[in-house]
Amino acid sequence: MKKIKTPLLSADIQKIKSGNEFSLSGIIYTARDQAHKRLVEALRKGGKLPIDIKSAIIYYCGPTKTPRGKIIGSCGPTTSSRMDEFTPLLLKAGLKGMIGKGARSEEVRGAIKKYKAVYFLTYAGCAALLSRYVKSKELVAYKDLGPEAIYKLEVKDFPLIVGIDSYGNDIYREASTKIKKFSEVLRSSTELSDGLLKSEGGEHIW
Amino acid sequence: MKLIGAEKITNTVGDLCVQANIALRKDVLSQLKRAYAGEKAKRAKDNLAAIIENADIAQKEGLAICQDTGMPCVFLEIGQEVRIGGDLQKAIHNGIALGYARGYFRNSIIKNPLKRGTPGYLPPVVHTEIVKGNKMKITVLPKGFGCENKSGLKMFKPTAKIDEIKKFIIETVKSAGPDACPPFVVGVGIGGTADYVCLLAKKALLRKLKTKNSKLKNTSKNSKLIALEKELLSLINKLNIGPMGLGGETTALAVNIETYPTHIAGLPVCVNISCHALRSASCIL
């Protein structure tokens, strides 16, 4: 796996294509639902953000508590689409990378393309495995949010798959062209009804 | 009359919370390994390999399989000859708090769903059934919300064709997509009422995933249901959603259906999706 490190520079971002795999070393910030809500409220009010968002990478993650003797508890990605409504403004403010799981909205894909950022995926539900790649953890903001606080993590060789690159290529849109239409799936069923095929709804691109 | 003390219940619930969150169910792990062997695409294999390695690391290091240690769902089957020594609700709650603190699990529960606020470990969701006998069975299912959020309920007309129900189930799985962490275990409830059918779908997840030697009784009702479960699993896997939604043969590990009698005017169907980290643990007191 190719190695990349933070901060993500424009030259790095240009070379990154959807589907590529990387191992990341450097600094990432955890932030999910409530933290995103607060960050965007702060941006809208023209206030200062608790982290330097320019060139930052945000990891959609709310870790478990930290067991004794460990740097961090289990820390896998949460569902990225819940942060979609907040993402374009953060990208406009300089955010360059996001790590999560699942597809993003068309609006987010457009903003990633416009502001030249990258959306990465990491191994969903592999929270114990991923904790091994975290070398340090520091609480930086929103302590009252508990697991949803913003933590600054230093990671080494954190495994990533590129979900959306800065050209707008999207691994899930590519995957969804291969997802069978329901009508094709039903055709192989032994109890088929014509009426069912005619009433099929629109295709899913998550 | 059999007396079961509150302290015993608390300690048992505590142990079950830890066990469920760090030790992936053997039947689930077994199906994941089968899926790995059956996958051809490299990315699908890599994802499954990471999931299997994660289960191993979690167990060895006493870490939660997933950082979403869920909203604990507790299922009690209390024999009618059992007497509880103490406050049952308190005993269960203390057990959850004990287990979650001991495991350093995540405080994911907020008391006020509208106001939100700082999360804690409590309360769990508890389902209680009174059964015959003098034993008490406790099951803890920490349910992650990535997949819980993708559940679906539909109140079909009583004249609905089976194909419409299959379509609903498959479409619900398709909508879940990568967000709910495939490969899934799909729990389905059919019958009952709007609330009971959802409980059936959730309870379906507690059933052991079928291995080669299924020990289910060979009744006509069961054989029809087994055939439907098999067919739905096959259709779902034809969707090619795959591990992490990035393509593959394994979109679901199993489809478990639970049924119950229902009203002549209705046909409730619920789909409760579990991610690949299907976690539950039981004990009989």
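Along every chain, residues carry numbers that run from 1 in the direction the sequence is written. Key to labels: chains lettered from A, ligands numbered from 1, both in the order written. Thresholds applied to this predicted model are a pLDDT of at least 70 for local features of residues and 80 or more for the giving and counting of side-chain atom pairs; totals over whole chains, interfaces and linings are not thresholded and use all residues. Side-chain numbers come from the whole structure's heavy atoms, not from hydrogens or water.

Trainee: A description of the sheet that holds strand β5 (residues 136-143) of chain B should follow, citing residues and the corresponding values.
Mentor: All names here are of chain B. Across the sheet, which stays open at both edges, the four strands sit in the order β4-β2-β5-β10 with mixed pairing between neighbours. The sheet is open, and its two edges are formed by β4 (125-131) and β10 (281-284), each paired on a single side. Neighbour-to-neighbour, the strand axes of this sheet turn through a mean angle of 15°, independent of strand direction. Lying on the sheet, helix α1 (residues 6-22) is in contact with β5 and β10; it crosses β5 at an angle near 40°. By definition in these notes, contact holds between two residues if any of their heavy atoms fall within 4.5 Å. In this analysis, axes come from line fits to C-alpha atoms, helices being fitted only over the stretch in contact, and the angle between any two N-to-C directions falls in the range 0 to 180 degrees. For helices the rule is a DSSP run of H or I covering at least 4 residues; for strands it is a run of E covering at least 2, with both sets numbered from the N terminus onward. Each of β2 (71-79), β4 and β5 touches helix α4 (residues 88-102); the most contacted strand, β2, lies at about 140° to it. When DSSP locates at least two bridges between a pair of strands, those strands are taken to pair.

Trainee: Please set out the sheet that holds strand β8 (residues 252-262) of chain B residue by residue, giving values where relevant.
Mentor: All names here are of chain B. Pairing is mixed across the open sheet formed by four strands, whose spatial order is β6-β9-β7-β8. Edge positions in the sheet fall to β6 (152-156) and β8, since each of these pairs with one other strand and no more. The sheet shows a mean angle of 15° between the axes of neighbouring strands, direction not considered. Note: β6 against strand β9 (residues 267-274), five bridges, orientation antiparallel. Paired with glycine 152 across the strands is valine 271, a residue of β9. Across the face of the sheet, helix α6 (residues 162-176) comes into contact with β6, β7 (184-192) and β9 while running at roughly 30° to β9.

Trainee: Please provide a residue-by-residue account of the packing of helix α2 (residues 26-38) of chain B against helix α3 (residues 42-61) of chain B, values included.
Mentor: Residue and element names in this part refer to chain B. For the pair α2 and α3, the least separation of the axes is 9 Å and the interaxial angle reads 155°. Between α2 and α3, the crossing angle belongs to the class labelled roughly antiparallel. Crossing handedness for the pair α2 and α3: left-handed. Residues Leu29, Leu32, Lys33, Ala35, Tyr36 and Ala37 of α2 touch α3, and the partners they reach there are Lys45, Leu48, Ala49, Ile51, Ile52 and Ala55. Oblique is the label for every angle not falling under 35 degrees (roughly parallel), over 145 degrees (roughly antiparallel), or within 65 to 115 degrees (roughly perpendicular). By definition, any crossing whose near helix is turned counterclockwise from its far helix by less than a right angle is left-handed, and any crossing with a clockwise turn is right-handed.

Trainee: Which residues make up the environment of A:Tyr133, and what are the values?
Mentor: Residues and elements named next belong to chain A. With respect to the helices, strands and loops of the structure, tyrosine 133 is situated in the loop between α5 (127-131) and β6 (134-141). Judged by relative accessible area, tyrosine 133 falls into the partly exposed class, the value being 24%. As for tyrosine 133 and leucine 24, which are separated by 109 residues in sequence, their C-alpha atoms are 9.3 Å apart. Excluding anything up to four places from it in sequence, tyrosine 133 contacts Glu154, Val155, Lys156, Asp157, Phe158 and Pro159. Whether a residue is buried, partly exposed or exposed follows from its accessible area with a 1.4 Å probe, protein chains only, as a fraction of its type maximum: under 20%, in between, or over 50%, in that order.

Trainee: So what about α1(B)? Which residues, and what values?
Mentor: Residues and elements named next belong to chain B. The span you would expect from a helix comes to 1.5 Å times its residue count less one. For α1, with 17 residues, the first-to-last C-alpha span of 25 Å sits near the 24 Å given by 1.5 Å per residue. Most of α1 sits out of view: 12 of its 17 residues are buried. Turning to α1, its buried residues are Ala6, Ile9, Thr10, Thr12, Val13, Gly14, Leu16, Cys17, Val18, Ala20, Asn21 and Ile22.

Trainee: Talk me through the side chain of A:Thr30; I want residue IDs and the actual numbers.
Mentor: All names here are of chain A. Positionally, threonine 30 belongs in strand β2 (residues 21-30). Residue class for threonine 30 comes out buried when judged on its relative accessible area of 1%. At a separation of 3.3 Å, a polar atom in the side chain of threonine 30 contacts the main-chain carbonyl oxygen of alanine 149. Throughout this description, a polar contact denotes any pair of N or O atoms lying within 3.5 Å of each other; where both atoms belong to protein, one of them has to be capable of donating a hydrogen while the other can accept it, and for residues adjacent in sequence the pair is counted only when both atoms sit in side chains.

Trainee: So what's going on with the pairing of strand β4 (residues 97-100) of chain A? Which residues, and what values?
Mentor: Walk down a regular strand and you will see the side chains alternate between the two sheet faces. All names here are of chain A. Covered by surrounding structure in β4 are Gly97 and Ile99 together with Met98 and Gly100, the residues of both alternating faces. With three bridges connecting them, strand β3 (residues 57-59) and β4 associate as parallel partners. If you follow isoleucine 57 over to β4, its bridge partner there is glycine 97. Crossover β3 to β4 through helix α3 (residues 87-92) is right-handed. Across four bridges, the pairing between β4 and strand β5 (residues 118-121) is parallel. Across the sheet, glycine 97 pairs through a bridge with valine 118, a residue of β5. Running through helix α4 (residues 106-115), the crossover from β4 to the neighbouring parallel element β5 is right-handed. With strands facing away from the observer, any crossover in which the path from the first strand over the helix to the second runs clockwise is taken as right-handed.

Trainee: So what's going on with the interface of chain A and chain B? Residues and values would help.
Mentor: At the interface, 60 residues of chain A touch 48 residues of chain B. Both sides together, the interface formed by chain A and chain B hides about 4,600 Å², and carbon and sulfur atoms give 57% of it. Any carboxyl oxygen of Asp or Glu that lies within 4 Å of a side-chain nitrogen of Lys or Arg is treated as forming a salt bridge with it. We note a salt bridge from B:Glu61 to A:Lys70, for which the minimum N-O separation is 3.0 Å. Counting across the interface, chain A meets chain B through 22 residue pairs in polar contact (both at pLDDT 80 or more). Those elements that provide at least two residues to the side of chain A that touches chain B are α5, α6 (171-176) and α7 (182-187) of chain A. Broken down by element, the side of chain A that touches chain B gets its largest block of residues, four residues, from α5(A). Gly is put with the polar residues, along with every residue not named as nonpolar or charged; the nonpolar set is Ala, Val, Leu, Ile, Met, Phe, Trp, Tyr, Cys and Pro, and the charged set is Asp, Glu, Lys and Arg. Of the residues assigned to the side of chain A that touches chain B, the class counts are 24 nonpolar, 22 polar and 14 charged. By definition, the buried area sums, over both parts, the 1.4 Å-probe accessible area that each loses when the two are put together.

Trainee: Can you lay out the pattern of salt bridges for me, pointing to particular residues and giving the numbers?
Mentor: Residue and element names in this part refer to chain B. Here the structure, examined in full by the defined rule, presents 27 salt bridges over all chains. In this structure, aspartate 68 and arginine 106 form a salt bridge, with 3.6 Å as the shortest nitrogen-oxygen distance. Of this pair, aspartate 68 sits in the loop between α3 and β2 while arginine 106 is found in the loop between α4 and β4, placing the two residues 38 residues apart along the sequence. Arginine 106 carries the same exposure label as aspartate 68, and that label is buried. Residue lysine 166 pairs with glutamate 231 through a salt bridge whose shortest N-O separation is 3.0 Å. With lysine 166 in helix α6 and glutamate 231 in helix α8 (residues 220-238), this pair connects stretches of sequence that are 65 residues apart. Glutamate 231 carries the same exposure label as lysine 166, and that label is buried.

Trainee: Can you break down the packing of aromatic side chains residue by residue, with the values?
Mentor: Only the six-membered ring of Trp is used, alongside the rings of Phe and Tyr, when aromatic pairs are assigned; centres must lie within 6.5 Å, and planes under 30 degrees apart are stacked while those over 60 apart are edge-to-face, with the rest tilted. The tally for this structure, following the rule as stated, stands at six aromatic pairs over all chains. Summarising the aromatic geometry, the rings of A:Tyr59 and A:Phe158 are spaced 5.3 Å apart at their centres and angled 75° between planes, so their arrangement reads as edge-to-face. With A:Tyr59 in strand β3 and A:Phe158 in strand β7 (residues 150-164), this residue pair connects regions lying 99 residues apart in the sequence. Ring geometry for B:Tyr100 versus B:Tyr121: centroids 5.6 Å apart, planes at 55°, classification tilted. With B:Tyr100 in helix α4 and B:Tyr121 in the loop between α4 and β4, this residue pair connects regions lying 21 residues apart in the sequence. Note on B:Tyr121: relative accessible area 15%, which makes it buried. Of the aromatic side chains, those joined through ring pairs into one cluster are A:Tyr59, A:Tyr133 and A:Phe158. The cationic tip of A:Arg104 hangs over the ring face of A:Tyr119; the distance from NZ or CZ to the ring centre is 4.8 Å. By definition, being over a ring means that NZ of Lys or CZ of Arg is both within 6 Å of the ring centre and within 35 degrees of the ring normal. Its guanidinium or amino end placed over the ring of B:Tyr36, B:Lys45 lies 4.6 Å from that ring's centre, counting from NZ or CZ.

These values are about where atoms sit, not about what they do.
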